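Summary of structural features
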Amino acid sequence: MINLILFGPPGSGKGTQAAHLVERYNLVHISTGDLFRYEMGNNTPLGLQAKSYISKGELVPDAVTIGMLRNKVEAHSDANGFIFDGFPRTIPQAEALDHLMAEEGTVIHALIALQVPDEAIVERIKLRGATSGRTDDSDENIIRNRINVYKTETTPVFDYYAQQGKSHSVNGLGSIEEILARLCAAIEGIERKP
Ligand code: UDP
Ligand code: MG
């Protein structure tokens, strides 16, 4: 079993790379952002709650996000491993994830951060916004707020796993194939126990 956190700022390519990694390593992909967009698309109570935060580029409260994540993990308790994309975004979320993994008899094996400079991110997200239909991708102020939230609330998660000796960084600039090769090289070096 191998459980990975794919980490990095908004627009750093987590979703794109996760799709390749799940195939290669036969993992279950959990993107909390995708889960929220599914709920919003169906106008569920959870979706409506999430929308008020996402539309401003803020984080949905930890309790809501952690509860949703827990349901998804428990629904796949027979998985070969997980790739968490866009979660955890805060230290309390990281602590909750470690707790949940322990309950499942496993651990987070590694966090891999895609490194992409701010200006490249803003350009990529604006490009994505032209086709994604995501309102949080089309307004530069909202994009910049997401980057700020990432820096203040989410980057401490890198240090949290670094203290466990589990954080790795990969250059997130280049072609999809080049970045995938860097991620795979990092994953091959990870110890897979328990
Ligand atoms: N979001 C959140 N918690 C999560 C995942 C997403 O609050 O665990 C919200 C947050 O407002 C974020 C938005 O959903 O800006 C989009 O997240 P996603 O991960 O899809 O965007 P990405 O960072 O990949 O561009
Ligand atoms: Mg994403």
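Quick note: structure is the one above.
In this text the structure is predicted, and so the values were computed from the model without any measurement. (Residues numbered from 1 in each chain as written. Chains lettered and ligands numbered in written order. Predicted model: local features only at pLDDT ≥ 70, side-chain atom pairs only at ≥ 80, totals over all residues. Heavy atoms only, no water.)

The subject of this paragraph is the overall build of the chain. Broken down by element type, the chain carries eight helices and five strands. Overall, the chain shows an N-to-C arrangement of helices and strands of β-α-β-α-α-α-β-α-β-α-α-β-α. In terms of C-alpha radius of gyration, the chain reaches 16 Å, essentially the compact-globule figure of 16 Å for 194 residues. Seen along its three principal axes, the alpha-carbon backbone of the chain occupies a region of about 45 × 40 × 30 Å. (Helix = DSSP H or I, 4+ residues; strand = E, 2+ residues; numbered from the N terminus. Rg over C-alpha atoms; globule rule 2.2 N^0.38 Å.)

In terms of nonpolar packing, the biggest core is built from 29 residues, with I5, I30, L69, V73, F84, L97 and Y161 touching the most fellow members. Non-local contacts of Y161, meaning those with residues more than four positions away in its chain, are made with I5, P88, A94, L97, D98, I108, L111, K166 and S167. (Core = buried A, V, L, I, M, F, W, Y, C linked by side-chain atoms within 4.5 Å. Buried < 20%, exposed > 50% of the residue type's maximum accessible area, 1.4 Å probe, protein only. Contact = heavy atoms within 4.5 Å.)

Okay, the side chain of T154 next. One can find T154 in helix 7 (residues 140-162). Only 2.8 Å separates the side chain of T154 from the backbone oxygen of R89, close enough to count as a polar contact. Ignoring anything within four residues of it in the chain, the contact list for T154 reads F7, P88, R89 and V149. (Polar contact = N/O pair within 3.5 Å; in protein donor to acceptor, adjacent residues only side chain to side chain.)

Let's shift gears to the sheet that holds strand 4 (residues 110-115). Here we have five strands laid out as an open sheet, ordered 2-3-1-4-5, and parallel in their pairing. Looking at which strands have only one partner, the edges of the open sheet turn out to be strand 2 (28-31) and strand 5 (167-171). If you compare each strand with its neighbour and ignore which way they point, the axes differ by 20° on average. Helix 2 (residues 32-41) contacts strand 2 and strand 3 (82-85) of the sheet and is inclined by roughly 65° relative to strand 2. (Pairing = 2+ DSSP bridges. Axes fitted to C-alpha atoms, helices over the stretch in contact; angles between N-to-C directions.)

Turning our attention to the environment of G133. Tracing the backbone shows G133 in the loop between helix 6 (118-132) and helix 7. You can call G133 exposed: its relative accessible area is 64%. Expressed as a C-alpha distance, the spacing of G133 and V64, which sit 69 residues apart in the sequence, is 24 Å.

Before going further, it helps to examine the pattern of salt bridges. Oppositely charged side chains are able to pair whenever their charged atoms sit close together. All chains considered together, the criterion is met by 12 salt bridges. Between D34 and R37 there is a salt bridge, and its shortest N-O distance comes to 2.8 Å. Placement of the pair is D34 and R37 together in helix 2, with a separation of three residues, close to one helical turn. Exposure remark for D34: the relative accessible area of 40% places this residue in the partly exposed category. Counted as one network, the salt bridges with shared partners bring together R128, R134, D136, D137 and R146. (Salt bridge = Lys/Arg side-chain N within 4 Å of Asp/Glu carboxyl O.)

It is worth spelling out the packing of helix 1 (residues 14-25) against helix 8 (residues 176-188) at this point. Their axes nearest at 10 Å, the elements helix 1 and helix 8 cross at an angle of 50°. By the criterion of interaxial angle, the relationship of helix 1 to helix 8 is oblique. Here helix 1 and helix 8 pass one another in a crossing that is right-handed. Residues T16, Q17, H20, L21, R24 and Y25 of helix 1 form the contact with helix 8, whose participating residues are I176, I179, L180, L183, C184, I187 and E188. (Parallel < 35°, antiparallel > 145°, perpendicular 65-115°, else oblique. Left-handed = near helix turned anticlockwise from the far one by under 90°.)

What follows covers unusual backbone geometry. Residue P88 follows F87 across a cis peptide bond; omega there is 0°. You can see P88 is positioned in the loop between strand 3 and helix 5 (91-103). For N26, which is not glycine, the phi torsion reads 55° and is therefore positive. Here N26 lies in the loop between helix 1 and strand 2.

These figures come from the coordinates and say nothing about function on their own.
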